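Chain residues, written in single-letter form:
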Amino acid sequence: MKYVMTYRAVEDFLPLAQENYPAHSARVEEFARRGDLLMVGTFDEPMNGEAMGVFTTREAAEEFIAGDPFLVNGVVAGWAVRPWNEVLQP
């Protein structure tokens, strides 16, 4: 079982996202190094501030979200964490 986090950004999010990206990126790297975050990225068409990440546990996803500069500083308007049954496992 994996856990998928989804983010939805506020309207006109880009300047605020750019300002907070270095701290957000550092958090992404920290969770990836720990092995808790397996993949993360934005949806590209349309580029509207929607993103997702795949975590090994719900607790890791919720910990990431709680301290993510994107959430703390108002880039994210809404988020969710959902369990995901991965079928094609390495």
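Described below are features of the structure shown in this document. Not measured: the values here are computed from a predicted model.

Some thoughts on the side chain of D68
Part 1 of the reasoning: Inspection of the secondary structure assignment puts D68 in the loop between α2 (58-67) and α3 (69-72).
Part 2 of the reasoning: There is no salt bridge for the buried D68, and the closest opposite charge comes from R27, which lies 5.4 Å off by N-O distance.
Part 3 of the reasoning: Non-local contacts of D68, meaning those with residues more than four positions away in its chain, are made with Y7, H24 and R27.

Concerning unusual backbone geometry
Backbone geometry follows two general trends: most residues other than glycine have a negative phi, and most peptide bonds adopt the trans configuration.
Part 1 of the reasoning: For the bond from E45 to P46, the omega torsion is -10°, close enough to zero to count as cis.
Part 2 of the reasoning: Summarising the element assignment, P46 is placed in the loop between β2 (37-42) and β3 (50-55).
Part 3 of the reasoning: Phi at D12 is positive, roughly 55°, even though this residue is not glycine.
Part 4 of the reasoning: By secondary structure assignment, the location of D12 is in the loop between β1 (2-9) and α1 (14-34).
Part 5 of the reasoning: Residue classification places D12 among the exposed residues on the basis of a relative accessible area of 67%.

Notes on the pairing of β1
Part 1 of the reasoning: With six of its eight residues buried, β1 lies for the most part within the structure.
Part 2 of the reasoning: Relative to strand β4 (residues 76-84), β1 runs antiparallel, the two being bridged by eight bridges. Paired with Y3 across the strands is P83, a residue of β4.
Part 3 of the reasoning: Where β1 meets β3, six bridges bridge the pair, whose relative direction is antiparallel. In the strand pairing of β3, T6 is matched with M52.

Analysis parameters
Residue indices follow the written sequence of each chain, beginning from 1 at its first position. Since the coordinates come from a predicted model, pLDDT governs what is reported: local features require at least 70, and pairs of side-chain atoms require 80 or more to be given and counted, while whole-chain, interface and lining totals use all residues. Computation of side-chain values: all heavy atoms of the structure, hydrogens and water removed. Where helices and strands are cited, they refer to DSSP runs of H or I of at least four residues and of E of at least two residues respectively, numbered from the N terminus. When accessible area is computed with a 1.4 Å probe and restricted to protein chains, residues below 20% of their type maximum are described as buried, those above 50% as exposed, and intermediate ones as partly exposed. Counting rule for charge: Lys and Arg are taken as positive, Asp and Glu as negative, and neither His nor the chain ends is counted. Only one rule defines a salt bridge in this text: a Lys or Arg side-chain nitrogen within 4 Å of an Asp or Glu carboxyl oxygen. Working rule for contacts: check all heavy atoms of both residues, and any pair within 4.5 Å makes them a contact. Between any two strands, pairing holds if DSSP finds at least two bridges.

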